[in-house]
Amino acid sequence: MEPGIMSVGGLDVVSGVFTVPRLGVPTAMLRLALPPNEVPRFSAGDAVPVVMELDDVQSRWAMTCARVGQDMGAWRVLVVGGAGCTARWLEPKYYQQATAALVFSDACREAGETPHVGDGLDMQLVRWTRPRMACWEALEALRRWLGPHYAWRVLPSGQLWMGLERPTNYPREDDLDWSEDDPATARVEFRLAPDLLPGHLLSGSLVEEVRHVLGPRPRTEVVLGPWSG
């Protein structure tokens, strides 16, 4: 892999996979370019910046180190989007005449995440009961109630967003190499595209998942789904 394509906490990455779903939390399992006798400048629980750059196209992510350690003489790190708190359990809560924005924001803040309220969350809930459950389960339950055109995910800023999906065309679509594709599974693959995000449209299809693969052949793998706005 070309040096400097990706870094985490200021340390170069040798190889790994960075997965960004349209619904949920980004995760990256990465091997660091760090000798075994040196120690990373961060540990589990620390906030770390993740940067990808290729051909002057850059993306920056605010993430959290979930795990770091040596494996077979190599330093490996697992980082997750945002504060990494969506698996935390929330206590039961009952709402009456509350907006979806309030239910969403409460779940985020109680777990330790920063909410970003999107469009369409001004909808009023006559009654809403949140049983004891993980934060991500509470968000998914609310999303399902709101409808299929709603989504929630962690943004590059580290904020946890929920709202009405309003996809826009990927601005660099003409630059992509569509030589590799699998119509049977709606998957496409092309040279690494750091700024491609879930929620973009590619040839009219919705980007459901982006998977950046770092190593000898850096590339971006994309899962596409139907979209009817």
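## Notes on the overall build of the protein chain
No. 1: If you tally the helices and strands in the protein chain, you get two helices and 19 strands.
No. 2: Computed over C-alpha atoms, the radius of gyration of the protein chain comes to 19 Å, within 12% of the 17 Å expected from 2.2 N^0.38 for 229 residues, which places it in the range of a compact globule.
No. 3: In terms of overall dimensions, the protein chain has a C-alpha envelope of 55 × 40 × 30 Å along the principal axes.
No. 4: The buried share among the 229 residues of the protein chain stands at 49%.

## Notes on the packing of helix H1 (residues 100-111) against helix H2 (residues 135-146)
No. 1: Between H1 and H2, the shortest axis-to-axis distance is 9 Å and the interhelical angle comes to 165°. Between H1 and H2, the angle is such that the two are roughly antiparallel. Note that H1 runs across H2; the crossing there is left-handed. Contacts from Ala-100, Val-103, Phe-104, Ala-107, Cys-108 and Ala-111 of H1 reach H2 at Cys-135, Ala-138, Leu-139, Leu-142 and Leu-146.
No. 2: Here the contact of H1 with H2 is built from residues that sort into 11 nonpolar, no polar and no charged.

## Things to note about the packing of aromatic side chains
No. 1: Applying the stated criterion to the full structure yields two aromatic pairs.
No. 2: With a centroid separation of 6.0 Å and an interplanar angle of 75°, the aromatic rings of Trp-128 and Trp-145 are classed as edge-to-face. Here Trp-128, found in strand E10 (residues 124-130), pairs with Trp-145, found in helix H2; they are 17 residues apart in sequence, far enough to count as distant.
No. 3: What makes Trp-128 buried here is its relative accessible area of 13%.

## Points about the pattern of salt bridges
No. 1: This model, assessed by the stated rule, comprises 18 salt bridges.
No. 2: The partner of Glu-189 in a salt bridge is Arg-217, and the shortest N-O contact between them spans 2.8 Å. Remark: Arg-217 occurs in the loop between strand E18 (205-214) and strand E19 (219-225) and Glu-189 occurs in strand E16 (residues 187-191); sequence separation between them is 28 residues.
No. 3: Shared partners join several salt bridges into a network, and the residues in it are Glu-189, Arg-211, Arg-217, Arg-219 and Glu-221.

## Comments concerning the pairing of strand E5 (residues 57-71)
No. 1: Pairing of strand E4 (residues 47-54) with E5 involves eight bridges; the strand directions are antiparallel. Paired with Val-48 across the two strands is Met-63, which belongs to E5.
No. 2: The turn joining E4 and E5, which pair antiparallel and follow one another in sequence, is formed by two residues; a positive phi near 55° is taken by Asp-55.
No. 3: Sheet topology note: the E5/strand E6 (residues 74-81) ladder contains eight bridges and is antiparallel. Its bridge partner being in E6, Gly-69 is matched across the sheet by Arg-76.
No. 4: Linkage of E5 to E6, two consecutive antiparallel strands, is achieved through a turn of two residues, within which Met-72 is found at a positive phi near 55°.

## Comments concerning the sheet that holds strand E12 (residues 150-154)
No. 1: A sheet is described by the order of its strands in space; here three strands give the open sequence E9-E13-E12, paired in mixed fashion. Looking along the sheet, the strands with just one partner apiece sit at the ends: strand E9 (115-117) and E12. Within this sheet the neighbouring strands show an average axis-to-axis angle of 15°, counted without direction.
No. 2: Across five bridges, E12 lies against strand E13 (residues 160-164) in antiparallel orientation. Bridge pairing in E13 places Ala-151 opposite Gly-163.
No. 3: Helix-sheet contacts for H2 involve E12 and E13, and the interaxial angle to E12 is about 155°.

Criteria and thresholds
- Residue numbering note: each chain is counted from 1, following its sequence as written.
- Per-residue local features are limited, in this predicted model, to residues with pLDDT of at least 70; the limit for side-chain atom pairs, both in listing and counting, is 80 or more; totals at the level of whole chains, interfaces and linings are taken over all residues.
- The side-chain quantities take in all heavy atoms of the structure and omit both hydrogens and water.
- A run of H or I in DSSP becomes a helix once it reaches four residues, and a run of E becomes a strand once it reaches two; helices and strands are each numbered from the N terminus.
- When we talk radius of gyration, it's over C-alpha atoms, and the globule rule is simply 2.2 Å times the number of residues to the 0.38.
- Three labels apply to residues, based on accessible area from a 1.4 Å probe with only protein chains included: buried if under 20% of the type maximum, exposed if over 50%, partly exposed otherwise in between.
- Axes, fitted as lines to C-alpha atoms, cover a helix only where it is in contact. Angles between the N-to-C directions of the axes lie from 0 to 180 degrees.
- Convention used here: angles under 35 degrees read as roughly parallel, angles over 145 as roughly antiparallel, angles from 65 to 115 as roughly perpendicular, and any remaining angle as oblique.
- Left-handed describes a crossing whose near helix is turned anticlockwise from the far helix through less than a right angle; right-handed describes the clockwise counterpart.
- Whether two residues are in contact is decided by their heavy atoms: any pair within 4.5 Å suffices.
- Note on residue classes: Ala, Val, Leu, Ile, Met, Phe, Trp, Tyr, Cys and Pro are nonpolar, Asp, Glu, Lys and Arg are charged, and everything else, Gly too, is polar.
- Centre distance within 6.5 Å is the pairing criterion for rings of Phe, Tyr and Trp, where only the six-membered ring of Trp is used; planes under 30 degrees apart are then read as stacked, over 60 as edge-to-face, and the remainder as tilted.
- Any carboxyl oxygen of Asp or Glu that lies within 4 Å of a side-chain nitrogen of Lys or Arg is treated as forming a salt bridge with it.
- Paired strands are those between which DSSP finds at least two bridges.

Any functional reading would require information beyond the geometric quantities listed.
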